[in-house]
Amino acid sequence: AGIDGIVVACFDDPGIGACREVASGPVIGLCEAAVKAASMLSTSFSVVTTLPRSIPVIEHLIHGYGLSHQCRRVRSAAIPVLALEEEGSGAREKVRDEILRAIEEDHCEAVVLGCAGMADLTEWLSAETGIPVIDGVTVAAKMIEALVGAGLKTSKISGYSTPNKK
């Protein structure tokens, strides 16, 4: 009650459907926002995430969002999330290097960062790689602003209707 819109700030988009059932305003997850933005900015994209264990979850989400035909590959930089904050860890460079491999091997035109912890890297990575590098945190927040500003709400008939009281 009283919330205009919600950003679920985890790239695995956990609980999006349940949130949409209980919220009246729009609910957007980072993965959904980022891959849909990538599909509008390029004809193909790859995702670079932190750990290999995230790859199947992200592939499943992209398929569910109907964008498997544009997603070339989901890749991992094989780094723990917290390494992104550690000086001298080399984590940022590993992400950059994985993006460069994606450009060469996947022939992608854009890259989506598959972790909220990478949000502050987009400008640097875009400059380093020469392609759009998309962060779901910023894109999801801007999409929520746009949907709320347009006066849009979550549909309450059928799929996202309010759960019955038990």
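Check the entry above for the structure.
1. So, the side chain of Thr129
Phase 1: With respect to the helices and strands, Thr129 occurs in helix α5 (residues 122-129).
Phase 2: We classify Thr129 as buried; its relative accessible area is 13%.
Phase 3: Setting aside anything within four residues of it in sequence, one finds Thr129 in contact with Arg96, Ile99, Leu100 and Ile103.

2. Comments concerning the pattern of salt bridges
Phase 1: Taken as a whole and assessed by the stated rule, the structure comprises 11 salt bridges.
Phase 2: Taking the shortest distance from any N to any O, the salt bridge between Arg75 and Asp106 comes out at 2.8 Å. Linking Arg75 in strand β4 (residues 71-76) with Asp106 in helix α4 (residues 91-106), this pair joins segments that are 31 residues apart in sequence.
Phase 3: Looking at Arg75, the relative accessible area reads 3%, which means it is buried.
Phase 4: With a shortest N-O distance of 2.7 Å, Arg101 and Glu98 are connected by a salt bridge. Of the two residues, Arg101 and Glu98 both sit in helix α4, 3 residues apart, roughly one turn of that helix.
Phase 5: Among the residues examined, Arg101 registers a relative accessible area of 36% and is labelled partly exposed.
Phase 6: One continuous salt-bridge network, built from bridges that share partners, spans Arg73, Arg75, Glu98, Arg101, Glu105 and Asp106.

3. Let's talk about the packing of helix α2 (residues 30-41) against helix α6 (residues 136-149)
Phase 1: For the pair α2 and α6, interaxial distance at closest approach is 8 Å and the crossing angle is 90 degrees. For the element pair α2 / α6, the angle class is roughly perpendicular. Contacts from Leu30, Ala33, Ala34, Ala37 and Met40 in α2 reach Gly136, Val137, Val139, Ala140 and Met143 in α6.
Phase 2: Here the contact of α2 with α6 is built from residues that sort into 9 nonpolar, 1 polar and no charged.

4. A word on the pairing of strand β3 (residues 45-49)
Phase 1: In terms of burial, β3 is largely enclosed, as 5 of its 5 residues are buried.
Phase 2: Of the two faces of β3, the one carrying Phe45, Val47 and Thr49 and the one carrying Ser46 and Val48 are both buried.
Phase 3: One ladder, built from 5 bridges, connects β3 with β4; its direction is parallel. Looking at β4, one finds that Phe45 is bridged to Cys71.
Phase 4: Handedness of the crossover joining β3 and β4 through helix α3 (residues 55-64): right-handed.

Each value, and the rule that gives it
- Residues numbered from 1 in each chain as written.
- Predicted model: local features only at pLDDT ≥ 70, side-chain atom pairs only at ≥ 80, totals over all residues.
- Heavy atoms only, no water.
- Helix = DSSP H or I, 4+ residues; strand = E, 2+ residues; numbered from the N terminus.
- Buried < 20%, exposed > 50% of the residue type's maximum accessible area, 1.4 Å probe, protein only.
- Contact = heavy atoms within 4.5 Å.
- Salt bridge = Lys/Arg side-chain N within 4 Å of Asp/Glu carboxyl O.
- Axes fitted to C-alpha atoms, helices over the stretch in contact; angles between N-to-C directions.
- Parallel < 35°, antiparallel > 145°, perpendicular 65-115°, else oblique.
- Nonpolar A, V, L, I, M, F, W, Y, C, P; charged D, E, K, R; others polar.
- Pairing = 2+ DSSP bridges.
- Right-handed = clockwise from strand over helix to strand, strands pointing away.

The analysis is restricted to geometry; functional conclusions fall outside its scope.
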